[in-house]
Amino acid sequence: MHVSAARNTAAAFALVGLLLAGAAPVATATTAAPAPVALAAPDIPLANVKAHLTQLQSIATANGGNRAHGRTGYKASIDYTKAKLDAAGFTTTLQQFTSSGAIGYNLIADWPGGDANQVLMAGAHLDSVASGAGINDNGSGSAAVLETALAVSRAQLQPTKHLRFGWWGAEELGLVGSKYYVANLPATERAKFSGYLNFDMIGSPNPGYFVYDDDPAIEKTFKDFYAGLGVPTEIETEGDGRSDHASFKNVGIPVGGLFTGASRTKTAAQVQKWGGTSGLAFDRCYHSSCDTSTNINDTALDRNSDAIAHAIWTLSTEPTVPPGDFYENLTDVTVPDNGAAVTSTVTVAGRTGSAPATLKAAVDIKHTFRGDLVIDLLAPDGTAYRLKNSSTSDSADNVIATYTVDASSETANGAWRLRVQDVVARDTGYIDSWKLTF
Ligand code: DTR
Ligand code: CA
Ligand code: ZN
Ligand code: ZN
């Protein structure tokens, strides 16, 4: 396979020219979309959130002191929450499952409207451990998510995305309810999720302000909110796998959330940031009988309730990113003659949800016999989409073409790769550049 000397020399001069000019041919990722502007969220009244906690405490007191899976206190908690949502115009569904010989329930509430192909969900587990009322763990998350949903109704919000809320059963038995929910979501439904936000213990009496470090766009949304309050945050380091977001993350759904701490002790450095008491647990009543209505820090609960509303309004009302966002790689990659496949990568970040059904891959491959080439687009999870097969009859030069791929079952963010292989001896070439347009 001969490569024209002229092209090689020209390429060499071009490269030298670039280097001498101090510019090396590098991959560039450029996006064309202006920053979207979202609606401002309302303040979530702390008194309303605490009223829900008072109800959950009363329920526990009237049902053996707890709201645990399989106990009467849990079903009473579900009935209370469902009644509020039904009255507010939500479409509610009770999903039943069995765990440890007892019936459990997930409560799902859909806010009518929004793009059914872009589902933003917020959730919290509603069950307590058997030893107590579970007001911080996790009445706090359940009540704040409930009050945010009620605020959506009060505002008659008409978000771009479809809003869904969930209250999980049997989290304390090992994320049982949320695992059951996700396991029973068809893959086509999972692909519609733009994100899942989890809130488990968000009112700890000696609070820290922790943000889950999972999806960057969701994490940024929470960090921006707290920056606006002038409250420093830390990355949640003990969370992986420790609450219901894990059920969603395990199937590739972008997740995020907030946490004020459990049995770990607050350091002196953290007291400098947040106040409170060093050497004491963030929640010394974690999984204990003293996790009652008095086991709540009002400031933390208020701030986190407002943070949830901020995230819901921001992430659901953003206009879908206008078309024209593109990501490209300009680095030349030699394609070995009749040899191994090579790849070129573009990294997509900051988007939410799935890639589009009309994802465009524009390629520019220089070659003296393009029939030698097999070209694939590889999604971040490795799924291959064939763009071009080899052909013994197509002797023309170069592949300069745009292919349209239905990538709607793929998560948008991640490393997308163009894979090229020369499968016939003689004639060779190189990837000059390629571009993904969303
Ligand atoms: N597993 C949760 C409490 C918990 C402990 N660490 C984290 C980190 C992030 C969220 C929650 C938690 C429970 O006992 O319900
Ligand atoms: Ca508030
Ligand atoms: Zn717990
Ligand atoms: Zn919990």
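These figures come from a predicted structure and were not determined experimentally.

Engineer: Which residues make up the site of ligand 1, and what values go with them?
Structural biologist: The environment of ligand 1 is made up of 15 residues, and the closest members are Glu-171, Asp-200, Arg-242, Tyr-286 and His-287. In the environment of ligand 1, an oxygen atom lies 3.1 Å from a nitrogen or oxygen atom belonging to the side chain of Asp-137. Between a nitrogen atom of ligand 1 and a main-chain N or O atom of Arg-242, the distance comes to 2.6 Å. Relative to its unbound accessible surface of 360 Å², ligand 1 loses 97% to contact with the protein. Looking at the shell around ligand 1, its residues break down into four nonpolar, four polar and seven charged.

Engineer: Hey, could you go over the coordination of the zinc ion (ligand 3) for me, with residue numbers and the actual values?
Structural biologist: Put simply, a metal with four donors set out as a tetrahedron has ideal angles of 109.5 degrees, and one with six donors set out as an octahedron has ideal angles of 90 or 180 degrees. Bound to the zinc ion (ligand 3) on the protein side are Asp-137 (OD), Glu-172 (OE), Glu-172 (OE) and His-287 (NE2), at distances that span 1.9 to 2.5 Å. For the zinc ion (ligand 3), the six donor atoms in the first shell make angles of 55 to 151° at the metal, so the coordination geometry reads as irregular. Between consecutive donors of the zinc ion (ligand 3), the numbers of intervening residues give the motif D-x34-E-x114-H. A gap of 3.5 Å separates the zinc ion (ligand 3) and the zinc ion (ligand 4), which Asp-137 links by coordinating each metal. With a gap of 115 residues between them, Glu-172 in the loop between strand S4 (161–168) and helix H5 (176–183) and His-287 in the loop between helix H9 (268–274) and helix H10 (298–317) connect regions that are remote in the sequence. By relative accessible area, which is 23% here, Glu-172 ends up partly exposed.

Engineer: I'd like to hear about the nonpolar core, residue by residue, with values.
Structural biologist: A general feature of soluble globular proteins is that nonpolar side chains tend to end up buried together. Counting 62 residues, the largest nonpolar core has Phe-165, Trp-167, Leu-197, Phe-199 and Ile-312 as its most contacted members. Once residues lying within four places of it in the same chain are set aside, the contact partners of Leu-197 are Leu-120, Met-121, Ala-122, Gly-123, Ile-218, Gly-256, Ala-311, Ile-312 and Leu-315. Val-335, Leu-387, Tyr-403 and Val-405 belong to the second-largest nonpolar core, a separate cluster that totals 29 residues.

Engineer: Tell me about unusual backbone geometry, residues and numbers included.
Structural biologist: A cis geometry characterises the amide bond from Asp-137 onward to Asn-138, with omega recorded as 5°. Checked against the element boundaries, Asn-138 lands in helix H4 (residues 135–155). Even without being glycine, Asn-338 reaches a positive phi, approximately 50°. Looking at where Asn-338 falls in the secondary structure, it is placed in the loop between strand S10 (333–335) and strand S11 (342–348). Given a relative accessible area of 43%, Asn-338 falls into the partly exposed group.

Engineer: I'd like a rundown of the coordination of the calcium ion (ligand 2), residues and numbers included.
Structural biologist: For the calcium ion (ligand 2), every protein donor is listed as Asp-43 (OD), Asp-43 (OD), Ile-44 (O), Asp-302 (OD), Asp-306 (OD) and Asp-306 (OD), and the spread of their distances is 2.1 to 3.2 Å. Taken together, the six donor atoms coordinating the calcium ion (ligand 2) and their angles of 44 to 155° define a geometry best described as irregular. In primary sequence terms, the donor set of the calcium ion (ligand 2) follows D-I-x257-D-x3-D.

Engineer: Requested: an account of the pattern of salt bridges, with residues and values cited.
Structural biologist: Scanning the entire structure with this criterion turns up 16 salt bridges. Residue Glu-234 is joined to Lys-273 by a salt bridge in which the shortest nitrogen-to-oxygen separation is 2.6 Å. Of the two residues, Glu-234 sits in strand S7 (residues 234–236) while Lys-273 sits in helix H9, which places them 39 residues apart along the sequence. Here the salt bridges do not stand alone but share partners, grouping Asp-364, Lys-366 and Asp-432 into one network.

Engineer: Please give an account of helix H2 (residues 46–62) that cites residues and values.
Structural biologist: Taking 1.5 Å per residue, 17 residues should reach 24 Å; H2 reaches 24 Å between its end C-alpha atoms and fits that length. Looking only at H2, the buried set comprises Val-49, His-52, Leu-53, Leu-56, Gln-57, Ile-59 and Ala-60. Taken end-on, H2 shows its buried residues confined to a sector of 160°, consistent with a single buried face. Along H2, the residues that are exposed and aim more than 90 degrees away from the buried face are Ala-47, Thr-61 and Ala-62. On its buried face, H2 sits against helix H3 (72–87), H4 and H10.

Engineer: Please set out the sheet that holds strand S2 (residues 102–111) residue by residue, giving values where relevant.
Structural biologist: Taken in spatial order, the eight strands line up as S1-S2-S4-S3-S5-S8-S6-S7 in an open sheet, and their pairing is mixed. Lying at the two open borders of the sheet, with one neighbouring strand each, are strand S1 (91–99) and S7. Taken over all neighbouring pairs, the strand axes of this sheet differ in orientation by 25° on average, direction set aside. Two elements, strand S5 (residues 193–199) and strand S8 (residues 255–259), share four bridges in a ladder whose sense is parallel. Residue Tyr-196 lies in a different strand from S8, and its bridge partner there is Val-255. Here H5 sits on the sheet in contact with S1, S2, strand S3 (115–125), S4 and S5, set at roughly 110° to S1.

Criteria and thresholds
- Residues numbered from 1 in each chain as written.
- Chains lettered and ligands numbered in written order.
- Predicted model: local features only at pLDDT ≥ 70, side-chain atom pairs only at ≥ 80, totals over all residues.
- Heavy atoms only, no water.
- Near = heavy atom within 4 Å.
- Polar contact = N/O pair within 3.5 Å; in protein donor to acceptor, adjacent residues only side chain to side chain.
- Areas by Shrake-Rupley, 256 points an atom, 1.4 Å probe, with all protein chains shown as cover.
- Nonpolar A, V, L, I, M, F, W, Y, C, P; charged D, E, K, R; others polar.
- Donors = N, O, S within 2.8 Å, 3.2 Å for Na, K, Ca; no water.
- Tetrahedral: all angles 85-135°; square planar, octahedral: opposite > 155°, others 65-115°.
- Helix = DSSP H or I, 4+ residues; strand = E, 2+ residues; numbered from the N terminus.
- Buried < 20%, exposed > 50% of the residue type's maximum accessible area, 1.4 Å probe, protein only.
- Core = buried A, V, L, I, M, F, W, Y, C linked by side-chain atoms within 4.5 Å.
- Contact = heavy atoms within 4.5 Å.
- Salt bridge = Lys/Arg side-chain N within 4 Å of Asp/Glu carboxyl O.
- Expected span 1.5 Å × (residues − 1).
- Arc of directions from axis to C-beta.
- Pairing = 2+ DSSP bridges.
- Axes fitted to C-alpha atoms, helices over the stretch in contact; angles between N-to-C directions.

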